[in-house]
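For reference, the chains in residue letters:
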Amino acid sequence: MGINVALDGPSGAGKSTIAKKIAARLGYIYVDTGALYRSVAYYTVSQGISPDDSKKVIAALEGCKVGLEYREGSQCVIVNGEDVSGKIRTPEISMAASKVSAIPEVRSFLFDLQKDIAAKNDIIMDGRDIGTVVLPDAQVKIFLTASAEERANRRFKELQEKGDPSTYEEVLADINQRDYNDTHRETAPLKKAEDAIEVDSTSMTLEEVVSHIAGIITEKTGAAPVKVKKEKKERKPLLDFSGVEPVKRGKKLNPVKMFFYTILRYMVLGGFKIAYNLKFEGKENVPKDGSNIFASNHRGYVDPVFISLACRVPNTFMAKEELFHSKKFFVWIIKKFGAFPVERGKGDMQAINTSFEKLNSGRNLVIFPEGTRSHDGKVGRGKTGVALIAAVAQCPVIPVGINYQGEKLKFRKKVVIRFGKPISPEQLKITTPGAKELKLLRTTIMDAIVDLVH
Ligand code: DC
């Protein structure tokens, strides 16, 4: 047996973030057992089975093959060959996981997988029953807690950054409900093992908790931090979208909200017409319904508003993650305008999934494929993300050219927003997100934007 560290505690105590950091410091493998319960929940929900119907959940286990893989140091959960790691992190699946994890058959279904991986590796495993049931002989057992309010507060901030509309009260109620489920179930309830060390992180920073726990582990096992060898980078396959359905377009938005949104839009439009010499060209190319992607060049922070003023349906837009660390008021404003964060330079699955959600909800999505503003007005190369989302979602892309007179947006100066003809992935016969297809779609989109900037 390798070194086994059991890290248990309630939902939202920060176990996974902390365990990941400790694993990296000590050179252990991090095993997130919550993800296993989530994947069973995901599978049953995707089969149309209610997580409350334990008989059907148990029957469904036969068709559910769960495995763990480690890619570039990160754990991926595979269900029947599909990597579901990104799809199991929704509030719906969280609650479903809390329910299916109370079923003894589900627990024994996942037991061997957890035991097996712990027997062969140095691991830090997080969960609810690791110190009590799965690894009763672990060399180190930590029970990580924090007050429900603090945990709700942390989770609420995370959800806000992802653009999730849940309120603090909803998140707190959710945490309390999951605590209740996890501690009151008959099989393997969440409880501190007798020989576990309790760490209350309520008033500690993340770094303080990591150092404290890493200190306990080093003291108990004599393990010294190791330099983690960087795994040889295998050529990463394109992200797996085999299970993602094309967007169902044409969803109608709430008419009352739309009414107030339209009034607000006309008021802002009036203000902008006073402030700038604002013109829209090619408005006939802007679809009346939602679920469209607008791909635009990027000159200034107001660009999303300019585009939204020409659309009947409210837009959402991808904004670089760094912007969400700005002044609170600014973050509040951009979120109100439908912004959600994207980490640039890597396949940010969270942002891609949020894009699909927004498009499915009937709203439009605005993307600036260049990823950053251009100060000289020239249009850069553009990333393939926009093509990827369009190809998977099968939504039309409307190219947009933003033109300012002069370098910067100035009072009463001319601003022309041009909309080009929609580019449909279907027409280009792009039905799969293969590298070649994406490049073609990206080039078609960027060329169309360039044509609109003059
Ligand atoms: O840690 P998490 O939120 O991802 O876990 C999801 C659910 O799975 C949680 O409600 C409790 C359950 N769980 C469990 O019962 N036993 C574990 N070892 C890990 C998670």
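Bear in mind that the values here come from a model prediction, so they are computed numbers and not experimental data.

Trainee: Is there a simple way to think about the environment of Asn315 in this case?
Mentor: Within the secondary structure, Asn315 is located in strand E11 (residues 315–320). Note: C-alpha distance between Asn315 and Gly338 (23 residues apart in sequence) is 6.4 Å. There is a polar contact of 3.2 Å between the side chain of Asn315 and the side chain of Ser308.

Trainee: I keep staring at the pairing of strand E13 (residues 364–367) and nothing clicks. Help me out?
Mentor: Looking along a regular strand, one sees the side chains alternate between the two faces of the sheet. The two faces of E13 match: Asn364 and Val366 on one face and Leu365 and Ile367 on the other face are all buried. By the bridge criterion, three bridges tie strand E10 (residues 293–296) to E13 in an arrangement that is parallel. Bridge pairing links Ala295 to Ile367 in E13. In this structure, E11 lies alongside E13, joined through three bridges in parallel fashion. Bridge pairing links Thr316 to Leu365 in E13.

Trainee: Any chance you could explain helix H2 (residues 33–46) here in plain terms?
Mentor: For an α-helix, the turn length of 3.6 residues means that residues three or four places apart are oriented alike. Compared with the 20 Å implied by 1.5 Å per residue over 14 residues, the 20 Å span of H2 between its first and last C-alpha is a close match. Most of H2 sits out of view: 11 of its 14 residues are buried. For H2, the full list of buried residues reads Thr33, Ala35, Leu36, Tyr37, Arg38, Ser39, Val40, Ala41, Tyr42, Tyr43 and Thr44. Backbone nitrogen of Gly34 and a side-chain oxygen of the N-cap are separated by 3.1 Å at the start of H2; the cap is Asp32. Among the residues trailing H2, Gly48 stands out with phi positive, at a value near 80 degrees.

Trainee: Help me out: how do you make sense of the pattern of salt bridges in this one?
Mentor: Going through the model one piece at a time under the given rule, you end up with 16 salt bridges. Salt-bridge contacts for Arg128 lead to Asp182; the nearest nitrogen and oxygen are separated by 3.3 Å. One end of the pair, Arg128, is in the loop between strand E6 (123–127) and helix H6 (130–134); the other, Asp182, is in helix H8 (residues 168–184), with 54 residues separating them in the sequence. When sorted by exposure, Arg128 lands in the same class as Asp182, which is buried. When salt bridges that share partners are traced, they join Lys21, Arg25 and Glu207 into one network.

Parameters at a glance
Residues numbered from 1 in each chain as written. Predicted model: local features only at pLDDT ≥ 70, side-chain atom pairs only at ≥ 80, totals over all residues. Heavy atoms only, no water. Helix = DSSP H or I, 4+ residues; strand = E, 2+ residues; numbered from the N terminus. Polar contact = N/O pair within 3.5 Å; in protein donor to acceptor, adjacent residues only side chain to side chain. Buried < 20%, exposed > 50% of the residue type's maximum accessible area, 1.4 Å probe, protein only. Pairing = 2+ DSSP bridges. Expected span 1.5 Å × (residues − 1). Salt bridge = Lys/Arg side-chain N within 4 Å of Asp/Glu carboxyl O.

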